[in-house]
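Observations on the three-dimensional arrangement
Residue strings, one per chain:
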Amino acid sequence: MYKILRYIVIAVIALGTAINAEAAETADAILKKSAKAINEAGGLTASFTLDYGTQKVTGTLKASGRKFTLQTASNSTWYDGKSMWTYNSRNNETTLMTPTAQEVGEANPLSIVNSYSSSFTAAFAKSQSKGSKTIVLTPKSKHLGYKSVHVTIPDGSSYPSRLVIIPTSGQKVTVSISQVKTGVKLDAATFTYPKSKYPKAEIVDLR
């Protein structure tokens, strides 16, 4: 009887320790887990919606590590880890540039999470919604161009479902992410500008 009681006590203590450990998971630990998942996802695809001001834009994202491509009805962006091309269908013009970290983050918000630890500090938001955790990223440097970034990650997932980006100047942008798929095979050409697809587009080189 004594042995049975002792085992029950040990089990209760172990369960309590596990619950406390889970409850004590820090904002930094949650984001590190998310960044690791994004980095190790292989090819990743997702749908997204951008809300800024009175405008709403929907599109698709394909990413692998730091590389990505985004497509919307009017614009497409390709980033191969060094150069970024943005095609605007309204004026049939493609801009080529070597982007800053902020410009990469503005184009692909997942990259903010992917490399947040070098540029931001993380803390839980004061207001939380059931079924998810919202984390506030505060820039370590004013030169990054952000006031803050709010990242929402659903419980049981490592991938953000929502990011609210508040720049030091300009319009707040809310990004909603859905239909995330990982392990998708994406070749190198996915992340480079398909010049043959836009033979008459003017290329503006800003490098």
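Okay, so let's go over this structure. (Residues numbered from 1 in each chain as written. Predicted model: local features only at pLDDT ≥ 70, side-chain atom pairs only at ≥ 80, totals over all residues. Heavy atoms only, no water.)

1. Structural notes on the sheet that holds strand S3 (residues 67-72)
- If you walk across this open sheet you meet the twelve strands as S7-S8-S9-S10-S11-S1-S2-S3-S4-S5-S6-S12, and the pairing is mixed. At either margin of the open sheet sits one strand with a lone partner, and together these are strand S7 (120-124) and strand S12 (202-205). Averaged over all neighbouring strand pairs, the angle between strand axes comes to 20 degrees, with direction disregarded.
- Two elements, strand S4 (residues 75-79) and strand S5 (residues 84-88), share five bridges in a ladder whose sense is antiparallel. For tyrosine 79, the partnering residue across the bridge sits in S5 and is methionine 84.
- Taken strand by strand, helix H2 (residues 27-39) contacts S7, strand S8 (132-139) and strand S9 (146-154), and its axis lies near 115 degrees from that of S7. (Pairing = 2+ DSSP bridges. Helix = DSSP H or I, 4+ residues; strand = E, 2+ residues; numbered from the N terminus. Axes fitted to C-alpha atoms, helices over the stretch in contact; angles between N-to-C directions. Contact = heavy atoms within 4.5 Å.)

2. Observations concerning the packing of aromatic side chains
- Here the structure, examined in full by the defined rule, presents six aromatic pairs.
- Here phenylalanine 68 and tyrosine 79 contribute two aromatic rings whose centre-to-centre distance is 5.3 Å and whose plane-to-plane angle is 40 degrees, an arrangement assigned as tilted. Residue phenylalanine 68 is found in strand S3, and its partner tyrosine 79 is found in strand S4; the two are separated by eleven residues along the sequence. One exposure class covers both phenylalanine 68 and tyrosine 79, and it is buried. (Phe/Tyr/Trp six-rings, centres within 6.5 Å; stacked < 30°, edge-to-face > 60°. Buried < 20%, exposed > 50% of the residue type's maximum accessible area, 1.4 Å probe, protein only.)

3. A look at the nonpolar core
- By size, the foremost hydrophobic cluster in this structure holds 32 residues, and its most contacted members are Leu31, Leu61, Phe68, Phe120, Leu137, Val149 and Val151.
- Once residues within four sequence positions are removed from consideration, valine 151 is found in contact with Leu31, Val113, Lys133, Thr134, Ile135, Leu137, Pro160, Arg162 and Leu163.
- Core analysis: the second largest hydrophobic core is formed by seven residues, Trp78, Trp85, Tyr87 and Tyr193 among them. (Core = buried A, V, L, I, M, F, W, Y, C linked by side-chain atoms within 4.5 Å.)

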